[in-house]
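Each chain, written out:
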Amino acid sequence: MATRGATSKKKTAPKKAALKKTAPTTPVALTLPTIHESTTSSGLQVLAAERGPLPLVAARLVIRAGSSTDPADKHGLADFTARLLRRGTARMSADEIDETIEFVGASFSVGSNEDILSLFITSPAEHFPAMLTMLGQMVREPSFPEREVDQARERALAGFSNDLDDPSVVADRAFTRALWGDHPYGHDVGGSAAHVRTFTRDDLVRFHRERVGPKVALLTVVGAVSPELVAQEAEKAFAGWEGGPEAPLAPPLGDNVATGRILLVDKPDQTQSQVRIGGPGMRTGHPDYFAATAMNIALGGGFTSRLMNEIRVERGLTYGISSYFDSMNAGGVFGITTFTKTEKTREIIDVSLAEVAKVREGGIPAAELKKAQRYLAGLYPLRTETNESVAAVISDIRVHGLGDDWVEKFRERLLAVKPKQTVEAAAKYLFPKPPLVVVLGRASEVKPLLKGLGTVTVVPASDYE
């Protein structure tokens, strides 16, 4: 693109001395630091990677006890239990834990998804042993004080109530439930108000005893610390850890993802419709990952994608639309998420499905594919910039069986995808069967617009509190 005013200036030939032949740029190789493995006497697998130059250390403890292991009548218990680990141990109160972390300039966080719970600690290197010891206390001997459990439950219930005011959150929740049904992935990671309301301290104690243990956990430490010291401190911090299963409790294969349903979530105060469209995707680590990912970047995974161009730029139907693959251990989803004015609901659905159909029938042309590949290949190095991100990548590689050369070979495998492979991936994942369509909006106005898509089921938004 020419800069403003460039046409009014004379172009002059560069001096001969300035003319140089430059070799084509080659991406700098991405490599992970050397990984050293050990196992504590309690059976916890430990991975250590020394990495400088900053005197910081990041540790990630992954436990294979995500929301798919929630009891059938206690949805959200895994996430709830994980968040309460910090609220007291047999030796420290919640306030003492907070003060200890803050005093040394460390940070602590907890994350959860369908398959795993993750506990993160980032610490100055000199305080790493003390922080790891505290992490060990949290997972080995949490006290789950009754007062902390009561307060956390009330906060969670208030959050569910507030969520009803966020149409995007409610639409996502409805989509997940409709898509997976009774499968262990078929409820929100945080559960629902009806289930969380029943949580007691005994529920947390039981879940911790039955699901959280060293045989289903992985500790990854990255930073300015020797592997020998990591192994020594891990043994001290996690010695005597008991409980949990002997092996991960894998959910059944996700081959029952819903298709062909039209669900309308009624929220009468809305002037816009939230739209979700989806069908079966792929499990984490599937061989189709690179072809499907490259294809999706072109379709709806980037700001210059087909969906964005056709629906936002050309038609002005929305400010945002994207397509995505969401992969878990037992299966996955291919979906589209967007929103629009109530009266434009049917148009945005029809145009989205039409764009998907074009790719399903013809794949992605070579030039468009190359652009998508370069875009993603350029972003990928950001995943290995910090100790925290490297620890996350290493643990994900091991937990999901991606292979230790995942990072090193990522861009090579991505750039090797050919147009023919995108045709094959599109035929497999881009709604070969009629998709599930979930719309949240004013049902009285939206329902007539959905005529011809299929039988419409109407439910109130309050069902998703």
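Residues numbered from 1 in each chain as written. Predicted model: local features only at pLDDT ≥ 70, side-chain atom pairs only at ≥ 80, totals over all residues. Heavy atoms only, no water.

Q: What am I meant to see in the environment of Phe 128 here?
A: If you trace the backbone, Phe 128 turns up in helix α3 (residues 128-140). C-alpha separation for the pair Phe 128 and Ala 294, spaced 166 residues apart in sequence, amounts to 40 Å. Look past the residues within four positions of Phe 128 in its chain and what remains in contact with it is Val 57, Ser 123, Val 221, Val 225, Val 230 and Glu 233. (Helix = DSSP H or I, 4+ residues; strand = E, 2+ residues; numbered from the N terminus. Contact = heavy atoms within 4.5 Å.)

Q: I would appreciate a short explanation of a negative patch on the surface in the present structure.
A: Among the surface-exposed residues, Asp 95, Glu 96, Glu 99 and Glu 102 lie close enough to one another that they form a single negatively charged patch. One can find Glu 102 in helix α2 (residues 94-103). (Patch = residues over 30% accessible without salt bridge, like charges linked within 9 Å, V, L, I, M, F, W, Y side chains within 5 Å. Areas by Shrake-Rupley, 256 points an atom, 1.4 Å probe, with all protein chains shown as cover. Salt bridge = Lys/Arg side-chain N within 4 Å of Asp/Glu carboxyl O. Lys, Arg positive; Asp, Glu negative; His and termini not counted. Charge placed at Lys NZ, Arg CZ, Asp CG, Glu CD.)

Q: Any chance you could explain the sheet that holds strand β6 (residues 217-223) here in plain terms?
A: Neighbouring strands of a sheet are bound in pairs by backbone hydrogen bonds; such pairs are parallel or else antiparallel. Pairing within the open sheet is mixed, and its six strands lie in the order β1-β2-β6-β3-β5-β4. Each of the sheet's edge strands pairs with one partner strand only, and the pair in question is β1 (36-39) and β4 (107-112). Along the sheet, successive strands turn relative to each other by an average axial angle of 15 degrees, direction set aside. Across six bridges, strand β2 (residues 45-50) lies against β6 in parallel orientation. Each bridged residue has a counterpart across the sheet, and for Val 46 the counterpart in β6 is Leu 219. (Pairing = 2+ DSSP bridges. Axes fitted to C-alpha atoms, helices over the stretch in contact; angles between N-to-C directions.)

Q: So what exactly am I meant to see when it comes to helix α7 (residues 201-211) here?
A: Since there are 3.6 residues in each turn of an α-helix, residues three or four apart along the chain are aligned in direction. Considered for burial, the residues of α7 that qualify are Asp 203, Leu 204, Phe 207 and His 208. For α7, the arc enclosing every buried residue in end-on projection is 130 degrees, short of the 170-degree limit, so these residues lie on one face. Close packing links the buried residues of α7 with α1 (77-84), α3 and α4 (146-163). (Buried < 20%, exposed > 50% of the residue type's maximum accessible area, 1.4 Å probe, protein only. Arc of directions from axis to C-beta.)

Q: What is the right way to look at helix α8 (residues 227-238) in this model?
A: Compared with an ideal rise of 1.5 Å per residue, which puts 12 residues at 16 Å, α8 spans 16 Å between its outermost C-alpha atoms and is within 8% of the ideal. Inspection of α8 places Pro 227, Val 230, Glu 233, Ala 234, Ala 237 and Phe 238 among the buried residues, and these make up the whole buried set. Considered in projection along α8, the buried side chains sweep an arc of 125 degrees and stay on one side of the axis. Opposite its buried face, α8 presents the exposed residues Glu 228 and Lys 236, each directed more than 90 degrees away. Along its buried surface, α8 packs onto β1, β2, β3 (56-63), α3 and β6. (Expected span 1.5 Å × (residues − 1).)

Q: What am I meant to see in the pattern of salt bridges here?
A: A side chain with one charge can pair with a side chain of the opposite charge if their charged atoms come near. Scanning all chains against the criterion turns up 27 salt bridges. With a closest N to O distance of 3.3 Å, Arg 206 and Asp 203 form a salt bridge. Taken together, the positions of Arg 206 and Asp 203, both in helix α7 and three residues apart, correspond to about one turn of that helix. Here Arg 206 falls in the partly exposed class, since its relative accessible area comes to 37%. Using a relative accessible area of 9% as the deciding quantity, one classes Asp 203 as buried. We note a salt bridge from Glu 310 to Arg 315, for which the minimum N-O separation is 3.0 Å. Judged by its relative accessible area of 40%, Arg 315 is partly exposed. Among the charged side chains, a network of salt bridges with common partners joins Arg 86, Arg 87, Asp 98 and Glu 148.

Q: Could you clarify how one ought to interpret the confidence of the model for the chain in this entry?
A: As a note on interpretation, predicted positions should not be read in detail where pLDDT is low. Per-chain confidence: the chain averages 92 in pLDDT, with 94% of residues scoring 70 or above. Long-range and interchain partners of residues 1-25, a stretch whose pLDDT sits below 50, account for one contact in this model, where long-range means more than four residues apart. (pLDDT = per-residue confidence, 0-100.)

Q: Whenever I open this one, the sheet that holds strand β11 (residues 436-441) confuses me. Can you help?
A: Taking strand neighbours across the sheet as the criterion, the six strands line up as β9-β10-β8-β11-β7-β12 in an open arrangement whose pairing is mixed. Looking at which strands have only one partner, the edges of the open sheet turn out to be β9 (321-327) and β12 (456-460). Strand-to-strand, the axes of this sheet are offset by a mean angle of 20 degrees, without reference to chain direction. Bridge analysis of β9 against strand β10 (residues 332-341) gives seven bridges, and the strand direction is antiparallel. Along β10, the bridge assignment pairs Tyr 324 with Gly 335.

Q: Would you explain the nonpolar core in this entry?
A: In globular proteins that are soluble, nonpolar side chains generally tend to be buried together. In this structure, Leu 61, Ile 63, Leu 135, Leu 219 and Phe 238 are the most contacted members of the largest nonpolar core, which totals 52 residues. In terms of residue count, α3 provides more of this core than any other element does, seven residues in total. Setting aside chain neighbours within four positions, we find Ile 63 in contact with Asp 115, Ile 116, Leu 117, Leu 119, Val 139, Arg 211, Val 212, Val 216 and Ala 217. The next biggest cluster of nonpolar side chains, apart from the first, holds 51 residues, and it includes Ala 292, Leu 430, Phe 431 and Val 446. (Core = buried A, V, L, I, M, F, W, Y, C linked by side-chain atoms within 4.5 Å.)

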